[in-house]
Structure formats: structure tokens, C-alpha cells
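An overview of the molecular structure
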Amino acid sequence: MGAAPRASAAARAAPRLSPPRAGSVLDLVGGTPLLDVTAMGPTLAPGVRLYAKLEGCNPGGSVKDRAALWMMRHGLATGALRPGKTVVDSTSGNTGIALAMIGAALGYPVTLVMPENVSRERKRIIHAYGARVVFSSGMEGSDGAILRCRALVADDPERYFKPDQYFNEMNPRAHFESTGPEIWRATAGRVTHFIAGIGTGGTVMGTGRYLKQQNHAVQVIAAEPDDALHGLEGLKHMASSIVPGIYHEGELDLKLGIPTDDAYNMVYRLGREEGLIVGQSCGAAHLAALSIARTLTQGTLVAIFPDFGDRYLSTNLWLGWQTHP
Ligand SMILES: Cc1ncc(COP(=O)(O)O)c(C=O)c1O
């Protein structure tokens, strides 16, 4: 059964008649919308607002377009990326898609190392952009891909430009210069809490730094899987992972562990109650945001929703939906 009908101004609004024009897909990176998802927390105090920043609206379909674009542009600016070079990186999916898209748009070949068990949709999207894929062991997760990629580059260092999202300061910088300012402007400076999952940590570090620079009191909260063995593709359980060089836990106000099942169930609810089909890390971020929101009487919380759910339709995420009431 569906939820009770909700009145919404948006349901009555005319369609937008002035969509943006761009000369390249790269000009469409960023500028993603904030969606008010306050209604998902019926017990919240009236002064609390909860927003999801829909990073699936980027042209490559995820938050990773930002980091990939900044890293590639920096490579071009410094000459580290120049004609004759192949872009290579290890990625659990979204960064690979972003690099493949940007490589195609700029005319650079891209080789990606990823665990063999990433979703079929992701592999196909990457192939569709014309990139080459090297598979690492699915059992070794993203760390296995990192090690395999290092070996590939060591064999022929001159051939490759490796953005290295785990250690490249352009990754958090992308969020410091785009995600952070967008949130600040979209909330008219009212944001009180920022919530993001941790993959490389680029999003939470860069956005958090910008928001704290505007207002010291903004709380920066990270969501991670609550266990080393988890099903939250794109996220890292820090205590059992290689810690990224760009990740500095001391800059966080709080880190919350989210169980995989709870994140999946939240994804199903977002589909039914908000008309939003998203990836599992969105479920995790939203749960973290809700748990904070419930403790507040006033606040404007913004959680990053890294991607939409269509690239996970063949994964375990949607197997569970069959049995969910
Ligand atoms: C689906 C998904 N969620 C969250 C993240 C986390 O982003 P970050 O690497 O900026 O921490 C990623 C990154 O790969 C991702 O792919």
C-alpha cells in the first residue's frame, strides 16, 4: 500500500522551460539539486529540515564526476596528463565511470582496475565510454584493486597518468570548490549538519572544510559500514581498510556505523515514499542524517546521495526487495 497522499507545490508546478545549455558534458558537472526529504522522518521537530543532495544528477551519474574532473584538469594543467598518456586508476565503480566519461570527452584513453564483482551495469557503462577494464579479485575488494593498479603502473610508469583518488588533494579540493559552496548557497547559509559516506573521504573532507570555513559550528558527520564485511558498494569500513592519504578523521565531528540491511531497507523506502531510486550508500547517508535529526529541535541537515539506483539493479541490493514488506 502506498503512503497517504502528500500535498506538494511541485506537483502543481509547470515544467522548467530553461534547462541549462552546455558545450561539453564536462560543463554539466556539479550544480546538483537539494531535495527536501524531511517527510521521511515523521517524528522530527518542526524546526528540523532534512535535504538530500542528488549527485546522481551529474552527467556521469555520481558524485565522482567532481573529483575525477578536478584531478584530470589538474593533470592537464601541470602536464602530468598529456598526449600519449593513458589514464589509469583503481576504482570500485563510480570513479571509473567518471574517468571514462571525462577521458572520452577529452580524447584520452582510460584503463580501470576494479574488483570483478562490481555490478554488471557499471562494467557495461565503462565499456560504453570506450575504456579498458582490468579485473582484480572480488574477494579482495577495493584494496585488491588498489594493489593491482600499483603493479600495473610499476611495470610501465611512463605510459600512465594515475589520478590516484585516495591520495590526490584535487579530490577533496573538488568538493571544497563545488559541493561545499553549492550547499552553502542552496541553504542560504543555514546548513547546520553535513553528512556523507566515506569512500576515499574526498566528499566529506572537502565539503566539510568549506562549510566549517563559512561557519565553524557546522557539524561534519561521516557514515561508514558498521562491519568489515558489508554490502555498501562505494563505502569503506575504515578500521579494516587501507586508510586513504586524503582522509583525516580528526576533522570529523562524528562517524556513524551503518548496518547494510538497514541501509538497503532505507533504499526501498526512498523508492516507495519519495519516488527516488538510489544507491545503497544513499540509504546509509540518509539513516545517519535521520539519527542526528531526531536529536535536534532546530537544524538544517544536508546528506550527500552519491548516485541513483539504476546501476545496482542486478545486485544483492534488489534481491532483498522481493521479500521486503
Ligand atoms: C556509491 C558511492 N557512495 C559514496 C562514495 C564516497 O565518496 P568519497 O570517495 O568522496 O568518500 C563513493 C565513492 O566512491 C561511491 O561510489
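Attention here is on the structure that accompanies the text. (Residues numbered from 1 in each chain as written. Predicted model: local features only at pLDDT ≥ 70, side-chain atom pairs only at ≥ 80, totals over all residues. Heavy atoms only, no water.)

Turning to the site of the ligand, a few remarks are in order. In the neighbourhood of the ligand, 16 residues make up the surrounding shell, with Lys64, Gly199, Thr200, Thr203 and Ser281 lying closest. Residue Asn94 places a side-chain N or O atom 3.0 Å away from an oxygen atom belonging to the ligand. Between a nitrogen atom of the ligand and a side-chain N or O atom of Ser281, the distance comes to 2.8 Å. Computed on the free molecule, the ligand has an accessible area of 390 Å², of which 97% lies beneath the protein chains in the complex. Here the residues of the shell around the ligand are counted per class, giving 4 nonpolar, 9 polar and 3 charged. (Near = heavy atom within 4 Å. Polar contact = N/O pair within 3.5 Å; in protein donor to acceptor, adjacent residues only side chain to side chain. Areas by Shrake-Rupley, 256 points an atom, 1.4 Å probe, with all protein chains shown as cover. Nonpolar A, V, L, I, M, F, W, Y, C, P; charged D, E, K, R; others polar.)

This part takes up helix H4 (residues 120–128). Of all the residues in H4, the buried ones are Glu121, Arg122 and Ile126. Buried residues of H4 fall within an arc of 130° about the axis and therefore sit on the same side. Turned more than 90 degrees away from the buried face of H4 sit Arg120, Arg124 and Ala128, all of them exposed. Turning to H4, the residues buried within the fold contact helix H3 (94–106), strand S4 (110–115) and strand S5 (132–136). (Buried < 20%, exposed > 50% of the residue type's maximum accessible area, 1.4 Å probe, protein only. Helix = DSSP H or I, 4+ residues; strand = E, 2+ residues; numbered from the N terminus. Arc of directions from axis to C-beta. Contact = heavy atoms within 4.5 Å.)

Before going further, it helps to spend a moment on the sheet that holds strand S2 (residues 47–54). A sheet is described by the order of its strands in space; here 6 strands give the open sequence S1-S2-S10-S7-S8-S9, paired in mixed fashion. Looking at which strands have only one partner, the edges of the open sheet turn out to be strand S1 (34–36) and strand S9 (254–258). Neighbouring strand axes in the sheet, compared pairwise and without regard to direction, differ in orientation by 25° on average. Note: strand S8 (residues 219–225) against S9, 5 bridges, orientation parallel. For Ile221, the partnering residue across the bridge sits in S9 and is Leu254. Contacts between helix H7 (residues 202–214) and the sheet are confined to strand S7 (193–197), S8 and strand S10 (298–305), with S7 contributing the most and set at about 170° to the helix. (Pairing = 2+ DSSP bridges. Axes fitted to C-alpha atoms, helices over the stretch in contact; angles between N-to-C directions.)

On the surface, Asp226, Asp227, Asp261 and Asp262 cluster together into a patch of negative charge. You can see Asp227 is positioned in the loop between S8 and S9. (Patch = residues over 30% accessible without salt bridge, like charges linked within 9 Å, V, L, I, M, F, W, Y side chains within 5 Å. Salt bridge = Lys/Arg side-chain N within 4 Å of Asp/Glu carboxyl O. Lys, Arg positive; Asp, Glu negative; His and termini not counted. Charge placed at Lys NZ, Arg CZ, Asp CG, Glu CD.)

Looking at where Asn94 falls in the secondary structure, it is placed in helix H3. Discounting residues that sit within four places of it in the chain, Asn94 has contacts with Ser62, Lys64, Arg122, Asp307, Arg311 and Tyr312.

Along a regular strand, successive side chains alternate from one face of the sheet to the other. Burial of S4 is extensive: 6 of the 6 residues sit out of reach of the surface. Strand direction decides the pairing type here: strand S3 (residues 86–90) and S4, joined by 4 bridges, are parallel. Bridge pairing in S4 places Asp89 opposite Leu112.

To continue, consider the nonpolar core. One finds Leu50, Ile195, Val278, Leu301, Phe305 and Leu317 to be the most contacted residues of the largest nonpolar core, which totals 36 residues. At 8 residues, the largest contribution of residues to this core is made by helix H9 (residues 280–293). Residue contacts for Leu317: discarding those within four places in its chain leaves Tyr264, Val267, Tyr268, Val278, Gln280 and Tyr312. If you look at the next biggest cluster of nonpolar residues, it comprises 26 residues, including Leu26, Ile97, Tyr108 and Leu112. (Core = buried A, V, L, I, M, F, W, Y, C linked by side-chain atoms within 4.5 Å.)

Our focus in this paragraph is the packing of helix H2 (residues 64–78) against helix H6 (residues 170–186). Direction vectors running N to C along H2 and H6 enclose 125°, while the axes themselves pass 8 Å from each other. Regarding the angle of H2 to H6, the classification is oblique. In this structure, H2 meets H6 at a crossing whose hand is right-handed. Contacts from Lys64, Arg66, Ala67, Trp70, Met71 and His74 in H2 reach Met170, Asn171, Arg173, Ala174, His175, Glu177, Ser178, Thr179 and Glu182 in H6. Considering only residue class, the contact of H2 with H6 consists of 5 nonpolar, 5 polar and 5 charged. (Parallel < 35°, antiparallel > 145°, perpendicular 65-115°, else oblique. Left-handed = near helix turned anticlockwise from the far one by under 90°.)

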